[in-house]
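Chain by chain, the residues:
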Amino acid sequence: MEPTKTFDVLDELMQTLEDGMEGFEAALEKLDPATSQAEITLFGSLIQQRKDFRHELRTLSATMDHEVKESGTVAAKLHRSWMGLKDLVSGSDAGGVVDAAEQGEAHALKVFTEACAQDLPAELKVVVDHQRSAIAASHAHIEQLKKQAA
């Protein structure tokens, strides 16, 4: 893959991680600690995971002489806005927050799966595949929480 396309993939992955971190932080603000301890614990750990993943990709990016853009995607900002609108209509119950988190993880999994299908440099491909696997596991965990909340 030519460097420009690799850098585009890196930028998109970093933005997706930033979006996820911001989304989980917003979700934590909406949850009631008295009734949502499992979600709070999970979302807190996923925030840290996304920070670690960003650091890992930023370090790899630096070895390629590329400065990553980390502003977050327009689609994710719209998703978080939708989450706010949904709150106005239905309240900030744990089920709605978990549902929104599941949608966000589904999007992240799609982005990372598509990146794994690209012809990336070997070292980057290994890291991206590892991160995709972890996101798939967190998506499955959130889906389980969603089923329990239903």
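Residues numbered from 1 in each chain as written. Predicted model: local features only at pLDDT ≥ 70, side-chain atom pairs only at ≥ 80, totals over all residues. Heavy atoms only, no water.

**With respect to the pattern of salt bridges**
Step number 1: For the structure shown, the criterion picks out six salt bridges.
Step number 2: Between Asp-99 and Lys-146 there is a salt bridge, with its nearest N and O atoms 2.9 Å apart. In this pair, Asp-99 is assigned in helix 4 (residues 94–116) and Lys-146 in helix 5 (residues 122–149), connecting sequence segments 47 residues apart.
Step number 3: A residue is classified by how much of its surface remains accessible, and Asp-99, at 18% relative accessible area, is buried.
Step number 4: With a shortest N-O distance of 3.4 Å, Lys-146 and Glu-102 are connected by a salt bridge. Here Lys-146, found in helix 5, pairs with Glu-102, found in helix 4; they are 44 residues apart in sequence, far enough to count as distant.
Step number 5: For Glu-102, a relative accessible area of 10% corresponds to the buried category.
Step number 6: One network of salt bridges, in which partners are shared, links Asp-99, Glu-102 and Lys-146. (Salt bridge = Lys/Arg side-chain N within 4 Å of Asp/Glu carboxyl O. Helix = DSSP H or I, 4+ residues; strand = E, 2+ residues; numbered from the N terminus. Buried < 20%, exposed > 50% of the residue type's maximum accessible area, 1.4 Å probe, protein only.)

**Quick word on the packing of aromatic side chains**
Step number 1: Applying the stated criterion across every chain yields a total of one aromatic pair.
Step number 2: Consider the rings of Phe-24 and Phe-43, whose centres lie 5.2 Å apart with planes at 35°: the pair is tilted. Residue Phe-24 is found in helix 1 (residues 3–30), and its partner Phe-43 is found in helix 2 (residues 37–63); the two are separated by 19 residues along the sequence. (Phe/Tyr/Trp six-rings, centres within 6.5 Å; stacked < 30°, edge-to-face > 60°.)

**Things to note about the environment of Val-111**
Step number 1: You can see Val-111 is positioned in helix 4.
Step number 2: Separated by 99 residues in the primary sequence, Val-111 and Glu-12 place their C-alpha atoms 7.9 Å from one another.
Step number 3: Excluding anything up to four places from it in sequence, Val-111 contacts Glu-12, Leu-13 and Thr-16. (Contact = heavy atoms within 4.5 Å.)

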